[in-house]
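# Results of the structural survey
If you want the building blocks of each chain, they are given just below.
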Amino acid sequence: MTRAALVIVAVLILLLGLLWVFQRQLIYLPDRGQVPPAGQVVPGARDVSFTTRDGLRLGAWYVPGDHDVTVLVAGGNAGNRWHRAPLARALAAHGLPVLLMDYRGYGGNPGSPTEEGLYLDALAAREFLGDGPVVYFGESLGAAVVTRLALEHPPAGLVLRSPFTDLAAAGQVNYPFLPVRLLLRDRFPVAERIAAVKAPAVVVYGTRDTIVPARLSRAVAEAAGGQVTTVELDGAGHNDLSMLAGTELISAVVLLAERVRERD
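Description of the structure in this document. Note that the structure is a prediction, hence the values are computed from the model and not measured.

### Focus on the overall build of the chain
- Regarding its fold elements, the chain presents 11 helices and 10 strands.
- Taking 2.2 N^0.38 as the reference for a compact globule, 264 residues should give roughly 18 Å; the C-alpha atoms of the chain span a radius of gyration of 19 Å, in line with that estimate.
- Counting over 264 residues, the chain shows a buried share of 54%.
- Within the chain, one finds 24 positive and 25 negative side-chain charges whose respective centroids are separated by 6 Å.

Here's what the structure looks like:
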């Protein structure tokens, strides 16, 4: 092997090593800043907190409502609960109680995000809600979090917004030049896990989503172990307002909550 080739190999090994060490900074993009009081952002909301099994005290927003079914919202990989306030307001307008959680490292919460950590955060949020029917709403990465949660704490219903089959599949779309599947430490195998979930599910996706392509979300719907409904938002991208609090999205959640109430 020539000297030039040795240098190239050494540089590639160094780059792969750096990606292994710092990959979570590429996956998790939290807004770590403190959020305002809940009531200043969502009418009637209040600040709440709960403790995870590994001892982290996490802040969240709870919006009361007169519906029998509560919606637990797990966000995506970026921002914090403040950025999901339009979703909470839209659901609350239909009378649905909403728990808008934030993960460790997000929205002023302590800790650093990992796959296992996010699961513990969602588990603590679910335990905070206690008894009563709960619909899990997971946005993108949050869809992976609530799908795992559904295996230990089966929900009354499941809404997966822009879910991927697993994180490696989504990562390969965004970093096609890297051996993503080989390097990833956090896996989030959604399609594998949802096959064991029997709760009714709604999968919502946009046809122009370039971050989590529609084909990945369709594959998740096809893998679902229970009754599944798909909602395709024509022309919608991953971060479009219609994917946050659009009429079709909100209607899908409300309809699922009504089905749960009638069933129970």
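### As for the pairing of strand β9 (residues 201–206)
- The buried fraction of β9 is high, at six of six residues.
- With four bridges connecting them, strand β8 (residues 157–161) and β9 associate as parallel partners. In the strand pairing of β9, Leu158 is matched with Ala201.
- Where β9 and strand β10 (residues 228–233) come together, six bridges link them in parallel fashion. Residue pairing in the sheet places Val202 in a bridge with Thr229 of β10.
- Between the parallel elements β9 and β10, the chain passes through helix α9 (residues 214–223) in a crossover that is right-handed.

### Let's talk about the environment of Leu120
- Locating Leu120 in the fold gives a position in helix α4 (residues 115–129).
- You can call Leu120 buried: its relative accessible area is 14%.
- As for Leu120 and Gln227, which are separated by 107 residues in sequence, their C-alpha atoms are 27 Å apart.
- Not counting the four nearest positions on each side in its chain, Leu120 is found in contact with Thr52, Arg53, Asp54 and Arg104.

### Some points on the pattern of salt bridges
- A full pass over the atoms with the stated rule returns 12 salt bridges.
- With a shortest N-O distance of 2.7 Å, Asp54 and Arg104 are connected by a salt bridge. Here Asp54 is found in the loop between β2 (46–51) and β3 (57–63), whereas its partner Arg104 is found in the loop between β6 (98–101) and α4, with 50 residues between them in sequence.
- Overall, the relative accessible area of 41% leaves Asp54 in the partly exposed class.

### Observations concerning a nonpolar patch on the surface
- A cluster of nonpolar side chains, contributed by Leu26, Tyr175 and Phe177, occupies part of the molecular surface with about 330 Å² of accessible area.
- Counting through the fold element by element, Tyr175 comes out in the loop between α6 (167–174) and α7 (180–183).

Reading the values: rules and limits
- Residues numbered from 1 in each chain as written.
- Predicted model: local features only at pLDDT ≥ 70, side-chain atom pairs only at ≥ 80, totals over all residues.
- Heavy atoms only, no water.
- Helix = DSSP H or I, 4+ residues; strand = E, 2+ residues; numbered from the N terminus.
- Rg over C-alpha atoms; globule rule 2.2 N^0.38 Å.
- Buried < 20%, exposed > 50% of the residue type's maximum accessible area, 1.4 Å probe, protein only.
- Lys, Arg positive; Asp, Glu negative; His and termini not counted.
- Charge placed at Lys NZ, Arg CZ, Asp CG, Glu CD.
- Pairing = 2+ DSSP bridges.
- Right-handed = clockwise from strand over helix to strand, strands pointing away.
- Contact = heavy atoms within 4.5 Å.
- Salt bridge = Lys/Arg side-chain N within 4 Å of Asp/Glu carboxyl O.
- Patch = residues over 30% accessible without salt bridge, like charges linked within 9 Å, V, L, I, M, F, W, Y side chains within 5 Å.
- Areas by Shrake-Rupley, 256 points an atom, 1.4 Å probe, with all protein chains shown as cover.

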